[in-house]
Amino acid sequence: HEMATTASRVFALGRGSILGLARGAARPARAHAWRVAPAARFLSDGAKPEAPDIAKLVQEMMEKAKRAADAAPEPVDEGPAETVEGAGEKHRFEAETKQLLEIVAKSLYTDKEVFVRELISNASDALEKRRHLALTLGDAASAYAGEGELEIKVSCDSAKRLLVVQDSGLGMKREELVDNLGCIARSGSKAFMEQVKGAGADAGETAAAASNIIGRFGVGFYSVFMVADSVRVFSRHVESTDPEGMGYCWTSTGDGSYELAKANNVKVGTKIEITLKEKESEFSFKYNLERIIRKHSSFVTFPVKLDGERLNTLEPVWMKSKSSVSAEEHEDLYRHIGSAYDTPRYTLQFETDAPIAIKSVFYVPQSHKEKMGMGQQEPCVSLYSRKVLITPKCAEILPGWMRFVVGVVDSEDVPLNISRETMQDSALLRRLNTVLSSRLLKYLAEQGKKEPEGYLSFYKEFGKFLKEGACTDFSHQREILKLLRFESSATKPGEMTSLDEYISRMAPEQKDKLYFLVTSNRKAAESSAYMEVFRAAKTEVLWCYQEIDDFVFQNAGSYEGKQLVPAGAAELKLDGAAREGALTADETEALGKWMAAGPLAESVSDVVASLRLVDSPAVINEAGGQSAAMRRFMMMVDQGAQAATMPKQRLEINPAHPIIVKLAAMRATDEPLASLVAQQLFDNALIGAGMLDDARPMLGRLNDLLERSLAAGAAPAAEPAAATA
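The rules behind the values
- Residues numbered from 1 in each chain as written.
- Predicted model: local features only at pLDDT ≥ 70, side-chain atom pairs only at ≥ 80, totals over all residues.
- Heavy atoms only, no water.
- Helix = DSSP H or I, 4+ residues; strand = E, 2+ residues; numbered from the N terminus.
- Buried < 20%, exposed > 50% of the residue type's maximum accessible area, 1.4 Å probe, protein only.
- Contact = heavy atoms within 4.5 Å.
- Areas by Shrake-Rupley, 256 points an atom, 1.4 Å probe, with all protein chains shown as cover.
- Phe/Tyr/Trp six-rings, centres within 6.5 Å; stacked < 30°, edge-to-face > 60°.
- Lys NZ or Arg CZ within 6 Å of the ring centre and 35° of its normal.
- Core = buried A, V, L, I, M, F, W, Y, C linked by side-chain atoms within 4.5 Å.
- Pairing = 2+ DSSP bridges.
- Polar contact = N/O pair within 3.5 Å; in protein donor to acceptor, adjacent residues only side chain to side chain.
- Axes fitted to C-alpha atoms, helices over the stretch in contact; angles between N-to-C directions.
- Left-handed = near helix turned anticlockwise from the far one by under 90°.
- Salt bridge = Lys/Arg side-chain N within 4 Å of Asp/Glu carboxyl O.
- Arc of directions from axis to C-beta.
- Parallel < 35°, antiparallel > 145°, perpendicular 65-115°, else oblique.
- Nonpolar A, V, L, I, M, F, W, Y, C, P; charged D, E, K, R; others polar.
- pLDDT = per-residue confidence, 0-100.

## So, the overall build of the protein chain
Helix and strand counts for the protein chain come out as 24 helices and 24 strands. For the protein chain, buried positions account for 47% of its 725 residues. A separation of at least 24 residues holds for 73% of the contacts in the protein chain among residues at least 6 apart in sequence. By element, 52% of the accessible surface of the protein chain is carried by carbon and sulfur atoms, the whole surface being about 34,700 Å².

So, in structure tokens, the structure goes:
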């Protein structure tokens, strides 16, 4: 028989899906061009694809290492083997159809192991059809109910390179074998659902069948030819009453023809025997098949057994109502999809109808791998459709900064490409991303209010991810900023506050400015020169202990109408009362000009009197300049360049501080020493601002100052000794 492709069905597959792959998305070496025929479009001039060779040495090692695990199981009496009766009829493919088969079977899929998923999905559909008909056909349903369990059996024989997938489903009649296997891109499952809807079946049962039927394109079966030398399909329809088990055998090598013959001893359902290519023998190893089935088909509705052992023992809890799912079920699912051993910190089960109908479940782990120096971890949320894995670790479902979240997103309506490996509508995927990430942020905000202590534990572990999101995810920046927590000058040690709580305590005189100070720890913040004016004004300051905090706030700029201002750039002033012993305005101006033109000529742009210092002699004014944390970020991008080109700073001096008062007098009596003191004052101010890149150059100056200080202290002590003599 020839394998047919109708013009309407080929076009329905989506020209973009096939053409995109043919143009190099899956096989760069393949080149195809569209040829317009009177009735259909076909792919032509396609070079025969070649699968990558598997090194013989690696293959031998694999076979030797796993031979024990793949030892043939104890023989089970399955009754007489199927036998083919008579010679089958043989027909050639048309040229265009053969080329399309090559595209579907050998270039459509990016991962060969997907063929196992496709066969199991087809088997599940056959079982679902039988289950549905048994429930809806009334008096005629007894033939569909059967006596055995509705299940999928998978077996393998590595010595023979044989893989068998068998189901006890609906089975196929002769004409159905011709229609479903002999016609590429004709979906028997889709036709079945159209038939069910047209028959006016019970709405509840129709919905159940619709949610469990997986297939839709009619090309999944042909993925088997990626790995198969030959394929035999034995099938017997459930309505068959032949006492000899008369069914049919469909055989093909995928090279241009197939045979169809009668067969004896065929059980109700479908049995697919695959003789694998020599270089694809890995798919006949039990350990490999178990890994693939658990990865792709763990949540198929019907039991999937590999050599008698059921593999899909987990429940797809996201398909159940929240109230019916136990904590143990959530833990089991979390450990399975997250390859974890702990219990989830948070669990969110969520479903929505916009932009498409989805059901999902998300988990927040106890910890993450990045803190152990293992590099950036992969996304941990996978895309499913009808409980079958489509895209593992899908990077597009959630923003990159949410990669710590583990979960599943399942949709019956998700628009997939023909290979069912990725979504086809990128705009829809972006909207889905927005909906899901917004719901997760809302959930975290709720937890912050509901269980503050538990949320702080989460924040200490995952705060870096939230801050990354605040810098990169502008569509959710406001919601992320709500989740941040910091210590402040108004909180006790170890106690953290949110931006909203800070705003609730703001005094009217703050004039819509929210102040923050980036420093190494609380002790450094308390002793910082920048805090002197805030203590005097009784104004709260957020204390941030990570360099990324500065980037977060400066990137945000404002929050809830409040400007985010670094403490070093604040314009607060002390009261204008003159302090005893302070330099006059003229004396301060003269000292500043001398420092800026003399010892600090290469380091400062200006030296002015400070209106915010109480106990410190000098401080760097960061207003309009580059903060220390931002400077370090820039140095990471262009190492060494920033250190060599540090911009000139604006230095503020305290006219009432004893060091400044004495420095003004010293420059007239001992200018060299005054220059050393001025330079040290500037470096001290840089240290206070966190801007000194390397302290080693000041060691010579410090030694000189120590030597002069000791010499000055030794001179008075020498005079009494001389008088005694």
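## Topic: the packing of aromatic side chains
For the coordinates displayed, the defined rule picks out 22 aromatic pairs. Residues Phe486 and Phe553 carry aromatic rings whose centres are separated by 5.3 Å and whose planes lie at 45° to one another, so their mutual orientation is tilted. Here the residue Phe486 occupies a position in the loop between α14 (477-483) and β17 (487-488), and Phe553 occupies one in helix α18 (residues 547-556), the gap between them amounting to 67 residues. In terms of burial, Phe486 and Phe553 fall into one category: buried. Members of the aromatic cluster, joined through ring pairs, are Tyr346, Phe404, Tyr443, Tyr455, Phe458, Tyr459, Phe462 and Phe465. Just above the ring of Phe465 sits the side chain of Lys464; from NZ or CZ to the centre is 4.4 Å.

## Quick notes on the nonpolar core
Counting residues in hydrophobic clusters, the biggest one holds 92 residues, and the most contacted among them are Met595 and Leu651. Beyond its immediate chain neighbours, meaning those up to four positions away, Leu651 contacts Met595, Leu600, Val604, Asp606, Val607, Val608, Ala618, Val619, Ile620, Phe682 and Ala685. In terms of nonpolar packing, the next biggest core, distinct from the first, is built from 45 residues, Val116, Val165, Val233 and Val300 among them.

## Side note on the sheet that holds β17
Strands sit in the order β17-β19-β18-β21-β20 across an open sheet of 5 strands; the sheet is mixed. A strand with exactly one partner marks an edge of an open sheet, and here the two such strands are β17 and β20 (558-559). One ladder, built from 2 bridges, connects β20 with strand β21 (residues 562-566); its direction is antiparallel. Across the sheet, Ser558 pairs through a bridge with Gln563, a residue of β21.

## With respect to the side chain of His476
In this structure, His476 sits in the loop between α13 (452-472) and α14. A polar side-chain atom of His476 sits 3.0 Å from a polar atom in the side chain of Ser438. Beyond its immediate chain neighbours, meaning those up to four positions away, His476 contacts Thr434, Ser437, Ser438 and Leu441.

## Topic: the packing of helix α22 (residues 658-669) against helix α23 (residues 671-689)
As a packed pair, α22 and α23 sit with axes 7 Å apart at the nearest point and diverge in direction by 145°. Read as a crossing pair, α22 and α23 show a hand that is left-handed. The segment α22 lies against α23, with Ile659, Ile660, Leu663, Met666, Arg667 and Thr669 engaging Glu671, Leu673, Ala674, Val677, Ala678 and Leu681.

## Here's the deal with the pattern of salt bridges
Summed over the entire model, instances satisfying the criterion amount to 36 salt bridges. Connected through salt bridges with shared partners, the residues Glu82, Arg232, Lys271 and Glu273 form a single ionic network.

## Quick word on the sheet that holds strand β13 (residues 358-364)
Reading across the sheet, the 5 strands line up as β12-β13-β16-β14-β15 and stay open at both edges, with mixed pairing between neighbours. The open sheet has two edge strands with one neighbour each: β12 (346-352) and β15 (388-391). When strand polarity is set aside, the average angle formed by the axes of neighbouring strands in this sheet is 25°. Note that β13 and strand β16 (residues 406-410) share 5 bridges and pair antiparallel.

## Remarks on the pairing of β15
Note: strand β14 (residues 380-385) against β15, 3 bridges, orientation antiparallel. Note on β15: the bridge partner recorded for Tyr384 is Leu389. With antiparallel pairing between neighbouring strands as the criterion, β14 and β15 make up a hairpin whose turn holds 2 residues, including Arg386 at a positive phi of roughly 55°.

## What to know about the environment of Phe486
On the basis of relative accessibility, which here comes to 3%, the residue Phe486 falls in the buried class. Separated by 63 residues in the primary sequence, Phe486 and Asp549 place their C-alpha atoms 9.7 Å from one another. Discounting chain neighbours no more than four positions away, the residues touching Phe486 are Tyr459, Lys467, Glu495, Met496, Thr497, Leu499, Leu542, Trp543, Cys544, Asp549 and Phe553.

## Focus on the environment of Gly688
As for its position among the elements, Gly688 is in helix α23. Gly688 sits in the exposed class, given a relative accessible area of 51%.

## Comments concerning the side chain of Ser675
Of note, Ser675 is situated in helix α23. Beyond its immediate stretch of four places on either side in the chain, Ser675 contacts Trp594 and Pro599.

## Some points on helix α7 (residues 174-181)
Within the sequence span of α7, burial applies to Leu177, Asn180 and Leu181. Projection of α7 onto a plane perpendicular to its axis shows the buried side chains occupying an angular sector of 85°, all on one side.

## A look at the environment of Val414
Within the secondary structure layout, Val414 lies in the loop between β16 and α12 (426-450). Separated by 29 residues in the primary sequence, Val414 and Ser385 place their C-alpha atoms 7.0 Å from one another.

## Structural notes on unusual backbone geometry
A negative phi angle is the norm for most residues apart from glycine, just as the trans form is the norm for most peptide bonds. Notably, Asp307 is not glycine yet its phi reads approximately 50°, a positive angle. Asp307 gets classed as partly exposed once you look at its relative accessible area, which sits at 23%. Phi is positive for Asp512, which is not a glycine, with a value near 60°. By the secondary structure assignment, Asp512 is in the loop between α15 (499-504) and β18 (513-518).

## As for the pairing of β13
In terms of burial, β13 is a largely internal element, 6 of the 7 residues being buried. With 7 bridges joining them, β12 and β13 adopt antiparallel strand pairing. Of the residues in β13, the one forming a bridge with Tyr346 is Val364.

## Observations concerning the packing of helix α19 (residues 585-597) against α22
It is the contact of α19 with α22, at a shortest axis distance of 10 Å, that shows an interaxial angle of 70°. In terms of axis orientation, α19 runs roughly perpendicular to α22. As α19 runs across α22, the sense of the crossing is left-handed. Contacts between α19 and α22 involve Ala590, Leu591, Trp594 and Met595 on the former and, on the latter, Ile660, Leu663, Ala664 and Arg667. Here the residues of the contact of α19 with α22 are counted per class, giving 7 nonpolar, no polar and 1 charged.

## Here we look at the confidence of the model for the protein chain
Of the residues in the protein chain, 76% have a pLDDT of 70 or more, and the chain-wide mean is 81. Taking the mean pLDDT of every element in the protein chain, the minimum, 27, falls on strand β1 (residues 33-36) and the maximum, 97, on α14. Within the model, the stretch residues 4-58 combines pLDDT values under 50 with 95 contacts to residues more than four positions away or in other chains. For residues 209-217, every residue scores under 50 in pLDDT, and the model assigns this stretch 45 contacts once sequence neighbours within four places are set aside.

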